[in-house]
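# Reading the structure
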Amino acid sequence: MAGTGVGVDPEYVWDEEADPVLAAVIDRGEVPAVNALLKQWTRNDQALPGGLPGDLREFMEHARRMPSWADKAALDRGAQFSKTKGIYVGALYGLGSGLMSTAIPRESRAVYYSKGGADMKDRIAKTARLGYDIGDLDAYLPHGSMIVTAVKTRMVHAAVRHLLPQSPAWSQTSGGQKIPISQADIMVTWHSLATFVMRKMKQWGVRVNTADAEAYLHVWQVSAHMLGVSDEYIPATWDAANAQSKQVLDPILAHTPEGRR
């Protein structure tokens, strides 16, 4: 379950399941065909499109499975909370991961030097899809889309890990990081969303009861798992989330030329 593990440093953990598969798809020149097929896959209950490479299909079938500890009632309550408090949650997603992403050095550089990443309008439009789907009432229900969005996002992350180290511009500004988007990096972004939202609502005096807060956390715990984060790095409580955020997010916020641009 979330919050338990052996304590391997997430700074040096990536995605051992997705990374070799997406690298192989890219190296085999199959990206255009795969992208065309994936456009047809939009709902959680859909079968994967026919014609996908065998290794990619096998990965996706495994990646789309919900964790055994996912609690349907908590997910449903978390979705209702996101709807009820939608004006706050939506605004804080924009202020948090939206604007804050430009002040997270690794994230801003990885995005900027990825294809199309310097186009902020396009970046926001694509990133907002995850925020929209995770807050949807049907997010993890059969006719929802969050499982699809999580798996596709996980695949994009793996593709970026394969391609970005080949970019001299990124390599020269990465601060010694050899492979982008480590599990530590994903959790930094996670905190700029989930933890930032809950922290600010409490600071603003928004009424949030304990059950709703825990349900909202559970939605994000499941989502981290679906994005390929090892369960041991996912905070088990809000206290743990706040402590982790103060350790990994707050101290690293800084200006970069890429973030400014």
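The preceding data block contains the structure.
Let me sum up the structure you'll find in this document. (Residues numbered from 1 in each chain as written. Predicted model: local features only at pLDDT ≥ 70, side-chain atom pairs only at ≥ 80, totals over all residues. Heavy atoms only, no water.)

Moving on, we get to the environment of Val 208. Its location among the elements puts Val 208 in the loop between helix H10 (183–203) and helix H11 (210–226). When neighbours within four sequence positions are excluded, Val 208 is seen to be in contact with Phe 81, Met 198, Met 201 and Ala 213. (Helix = DSSP H or I, 4+ residues; strand = E, 2+ residues; numbered from the N terminus. Contact = heavy atoms within 4.5 Å.)

Listed in full, the buried residues belonging to helix H3 (residues 54–63) are Leu 56, Phe 59, Met 60 and Ala 63. Within H3, the buried residues cover an arc of 95° as seen down the axis, which keeps them to one side. Opposite its buried face, H3 presents the exposed residues Gly 54 and Glu 58, each directed more than 90 degrees away. The secondary structure elements touched by the buried residues of H3 are helix H1 (18–27), helix H2 (31–38), helix H8 (146–163) and H11. (Buried < 20%, exposed > 50% of the residue type's maximum accessible area, 1.4 Å probe, protein only. Arc of directions from axis to C-beta.)

Our focus in this paragraph is unusual backbone geometry. At Ile 181, a position not held by glycine, the phi torsion is positive, near 55°. Its place among the elements puts Ile 181 in the loop between helix H9 (168–171) and H10. A residue is classified by how much of its surface remains accessible, and Ile 181, at 15% relative accessible area, is buried.

By the definition in use, this model includes 14 salt bridges. Close ionic contact of Arg 154 with Asp 15 constitutes a salt bridge, the shortest N to O distance being 2.6 Å. Here Arg 154 is found in helix H8, whereas its partner Asp 15 is found in the segment before H1, with 139 residues between them in sequence. In this structure, Arg 154 and Asp 15 share a single accessibility class: buried. The salt bridge involving Glu 30 is made with Arg 28; its shortest N-O contact spans 2.9 Å. Classification of Glu 30 by relative accessible area gives partly exposed; the value is 23%. Its relative accessible area of 42% is what places Arg 28 among the partly exposed residues. Because the salt bridges share partners, they merge into one network encompassing Glu 11, Arg 106 and Asp 185. (Salt bridge = Lys/Arg side-chain N within 4 Å of Asp/Glu carboxyl O.)

Within soluble globular proteins, side chains that are nonpolar generally end up buried alongside one another. Formed by 64 residues in total, the largest nonpolar core has its most connected members in Leu 56, Met 60, Tyr 216 and Trp 220. Ignoring sequence-local partners within four residues, the contact set of Met 60 consists of Leu 38, Trp 41, Leu 48, Leu 52, Val 151 and Met 155. (Core = buried A, V, L, I, M, F, W, Y, C linked by side-chain atoms within 4.5 Å.)

Another aspect to go through is the packing of aromatic side chains. Enumeration over the complete set of coordinates arrives at 5 aromatic pairs. A centroid spacing of 5.1 Å and a plane angle of 90° characterise the contact between Tyr 112 and Tyr 113, whose relative ring orientation is edge-to-face. Residue class for Tyr 113 comes out partly exposed when judged on its relative accessible area of 23%. Through a chain of ring-to-ring contacts, three or more aromatic side chains come together here, namely Phe 81, Tyr 216 and Trp 238. (Phe/Tyr/Trp six-rings, centres within 6.5 Å; stacked < 30°, edge-to-face > 60°.)

Approximately 370 Å³ is the volume found for the second largest pocket. Around the second largest pocket, the lining comprises 21 residues; the ones closest to its centre are Glu 17, His 62, Arg 154, His 225 and Gly 228. (1 Å grid on protein atoms, 1.4 Å probe; cavity = no way out; pocket = protein on both sides within 12 Å on 5 of 7 lines; lining within 4 Å. Points joined across faces, edges and corners; volume = space filled by probe spheres on them.)

Let's shift gears to H1. Counting buried positions over the 10 residues of H1 gives 7, a clear majority of the element. Looking at the buried side of H1, the elements it contacts are H2, H3 and H8. Gly 29 occupies a position one or two residues after H1 and carries a positive phi of about 75°.

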